[in-house]
Amino acid sequence: EDKVVQSPLSLVVHEGDTVTLNCSYEVTNFRSLLWYKQEKKAPTFLFMLTSSGIEKKSGRLSSILDKKELFSILNITATQTGDSAIYLCALVINFGNEKLTFGTGTRLTIIP
Amino acid sequence: SQTIHQWPATLVQPVGSPLSLECTVEGTSNPNLYWYRQAAGRGLQLLFYSVGIGQISSEVPQNLSASRPQDRQFILSSKKLLLSDSGFYLCAWSWGVSSGNTIYFGEGSWLTVV
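What counts and how
Residues numbered from 1 in each chain as written. Chains lettered and ligands numbered in written order. Predicted model: local features only at pLDDT ≥ 70, side-chain atom pairs only at ≥ 80, totals over all residues. Heavy atoms only, no water. Disulfide = S-S within 2.5 Å. Helix = DSSP H or I, 4+ residues; strand = E, 2+ residues; numbered from the N terminus. Buried < 20%, exposed > 50% of the residue type's maximum accessible area, 1.4 Å probe, protein only. Salt bridge = Lys/Arg side-chain N within 4 Å of Asp/Glu carboxyl O.

Caption draft 1: Just the state of the cysteines, in detail. Inspection of the entire model under this criterion finds 2 disulfides over all chains. Here cysteine 23 of chain A is linked by a disulfide to cysteine 89 of chain A, with a sulfur-sulfur distance of 1.9 Å. Handedness here is read from the sign of the S-S torsion; for cysteine 23 of chain A and cysteine 89 of chain A, about 70°, the answer is right-handed. One end of the pair, cysteine 23 of chain A, is in strand 3 (residues 19–25); the other, cysteine 89 of chain A, is in strand 9 (residues 85–92), and 66 residues separate them in sequence. Residue classification places cysteine 89 of chain A among the buried residues on the basis of a relative accessible area of 0%. Between cysteine 23 of chain B and cysteine 91 of chain B runs a disulfide, and the two sulfur atoms are separated by 2.0 Å. On the sign convention where negative is left-handed, the bridge of cysteine 23 of chain B and cysteine 91 of chain B, at about -75° about the S-S bond, is left-handed. Here cysteine 23 of chain B, found in strand 3 (residues 19–26), pairs with cysteine 91 of chain B, found in strand 9 (residues 87–94); they are 68 residues apart in sequence, far enough to count as distant.

This is the structure we're talking about:
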């Protein structure tokens, strides 16, 4: 079965620290990789990555995809308590298929 | 702009009772619609998706069914709930994930089967 593995499963850091969240996968041919932030209820969209080596950036968050090594990272600099959430990555694995395959997520907790 | 609503937000149901979760999308036409389930400690699992009225694709065999009676309405149902049906259910919409579009989620429905 296609796998998406996120690490670490849980991370606790102090406000102001920089964190790197990992998403690795075992699929060599996929359409896109997406990152979501889930605070209490609905996951909210962060990034969509389709090309290797091109960084996507939004404020203190950035993400990049490495198709050769089969992973993506999500970086958050100068973390704030509002960054506390579960971060999910997902793959659109099959062209023509509407299924998103999600990882189990990384639970990030920012301590004031 | 597009919005998605689902209800009820929280539901406690006895084993063997029926279920109906509803989802509607506003501000767009002919969206793709999805039902996901998020069990504790696990990622989101796609249950059903629909690319049009009356068109339902099921991803996993289970005790649930889905229907799309109108263009922007998606319903998740069960005739008899099992304990294992407990979880967080998310409705979502997209202009087509396989076409490179992202997916947008509703606020979710917490279902506890007792």
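More follows now that the structure is in view.
Caption draft 2: Just the pattern of salt bridges, in detail. The full count for this structure, using the stated rule, is 4 salt bridges over all chains. Between arginine 68 of chain B and aspartate 71 of chain B there is a salt bridge, with the nearest N and O atoms lying 3.3 Å from each other.

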